Amino acid sequence: MGILDSITAIEILCFLFAVIFLIRDQIYFWKTAPFYLLLVCTTEFYGSYLASSRTNNLWLYNIFILFEAAFICYGMYFCLKKYINPKPIIFTGFSIIYVVYLIFVFVYGWEKFNSLTVTVMSVIFVFYSLYYYYLLLKDENFIEIKYHPEFWWVAGVIFFYFGSTISNLLYDVFQIKIIEHLSLRYLIFIFLNFILYTIWTYSFICRAKQRKLQS
């Protein structure tokens, strides 16, 4: 429970920073971030409650996947639209994720974790992130990277989902026990969550700074 509490703590901190820096933002994507993070925290708390009462909570995380896929796809759309019309690749990836999701649910039901969708989703998000950085490198306009919110938001995405992809593909390898009942895979996900929400928090701070300079 202590490890789980540390994950929840960084999620709550990220949510609070999002509320402070983004809730009044005029750009819809940034404005929706606090609500997504509220959903993250709510899911984590309720999932922990179900686990503590020895109730299957996998259906809850399966439902959350739908919102996760929608939010990350929307974020990548927002970041990519500065350079291209991202609708074709975003809607293609989004459709693939949801089709895989529905097939898995039809075959295995709601009470088995939808790991196939998570793996497919992670690969697609890594591809989106790499494509964004490719377009960013081709951009001839000067961009101060250390204060560029979209750069850091995508950085959080690529770190988390690339790590998730490797962890899922090498599932058996990372199942070795490190501390009592904690596997190496679980500790990796603790680290990945810490990286994701720390970098996202920094991106929110950068966005607030950017908004202040633009006003």
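Any chance you could break down the side chain of glutamate 150 for me, citing the residues and the numbers?
Its place among the elements puts glutamate 150 in helix 6 (residues 149-169). No salt bridge is formed by the buried glutamate 150, whose closest oppositely charged neighbour, arginine 207, lies at an N-O distance of 5.7 Å. Those residues in contact with glutamate 150 that sit more than four places away from it in its chain are Trp30, Phe78, Cys79, Tyr132 and Gln210.

Lay out the nonpolar core with the relevant residues and their values.
Here is a general trend for soluble globular proteins: nonpolar side chains tend to be buried in one another's company. Formed by 52 residues in total, the largest nonpolar core has its most connected members in Leu37, Ile72, Phe125, Tyr132, Trp153, Trp200 and Phe204. Counting residues per element, the ones that place at least two in this core are helix 1 (2-22), helix 2 (28-52), helix 3 (58-80), helix 4 (87-108), helix 5 (115-138), helix 6 and helix 7 (184-214). Those residues in contact with tryptophan 200, other than ones at most four positions away along the chain, are Cys14, Tyr36, Leu37, Phe71, Ile72, Trp152, Trp153, Gly156 and Val157.

I'd like to hear about unusual backbone geometry, residue by residue, with values.
Unlike most non-glycine residues, arginine 54 shows phi in positive territory, near 55 degrees. Secondary-structure assignment places arginine 54 in the loop between helix 2 and helix 3.

Break down the packing of aromatic side chains for me, with residues and values.
Tallied over the full model, the rule gives 32 aromatic pairs. Seen from their ring centres, tyrosine 133 and phenylalanine 151 are 5.3 Å apart, and the 65 degrees between their planes marks the pair as edge-to-face. Separated by 18 residues along the polypeptide, tyrosine 133 in helix 5 and phenylalanine 151 in helix 6 bring together distant segments of the chain. Among the residues examined, tyrosine 133 registers a relative accessible area of 17% and is labelled buried. The class for phenylalanine 151 is buried, based on a relative accessible area of 17%. Of the aromatic side chains, those joined through ring pairs into one cluster are Tyr28, Phe29, Trp30, Tyr36, Phe64, Phe71, Tyr74, Phe78, Trp153, Tyr197, Trp200 and Phe204.

Please set out the packing of helix 2 against helix 7 residue by residue, giving values where relevant.
Between two packed helices, what matters for the description is the angle formed by their axes and the separation of those axes. At a minimum axis separation of 12 Å, helix 2 and helix 7 run at an interaxial angle of 155 degrees. With respect to each other, helix 2 and helix 7 are oriented roughly antiparallel. The way helix 2 lies across helix 7 gives a crossing that is left-handed. Taken together, the residues of helix 7 that come into contact with helix 2 (itself represented by Trp30, Ala33, Tyr36, Leu37 and Val40) are Tyr197, Trp200, Ser203, Phe204 and Arg207. For the contact of helix 2 with helix 7, the per-class residue count stands at eight nonpolar, one polar and one charged.

About the cut-offs
Residues numbered from 1 in each chain as written. Predicted model: local features only at pLDDT ≥ 70, side-chain atom pairs only at ≥ 80, totals over all residues. Heavy atoms only, no water. Helix = DSSP H or I, 4+ residues; strand = E, 2+ residues; numbered from the N terminus. Buried < 20%, exposed > 50% of the residue type's maximum accessible area, 1.4 Å probe, protein only. Lys, Arg positive; Asp, Glu negative; His and termini not counted. Salt bridge = Lys/Arg side-chain N within 4 Å of Asp/Glu carboxyl O. Contact = heavy atoms within 4.5 Å. Core = buried A, V, L, I, M, F, W, Y, C linked by side-chain atoms within 4.5 Å. Phe/Tyr/Trp six-rings, centres within 6.5 Å; stacked < 30°, edge-to-face > 60°. Axes fitted to C-alpha atoms, helices over the stretch in contact; angles between N-to-C directions. Parallel < 35°, antiparallel > 145°, perpendicular 65-115°, else oblique. Left-handed = near helix turned anticlockwise from the far one by under 90°. Nonpolar A, V, L, I, M, F, W, Y, C, P; charged D, E, K, R; others polar.

What is shown is where atoms sit, not what they do.
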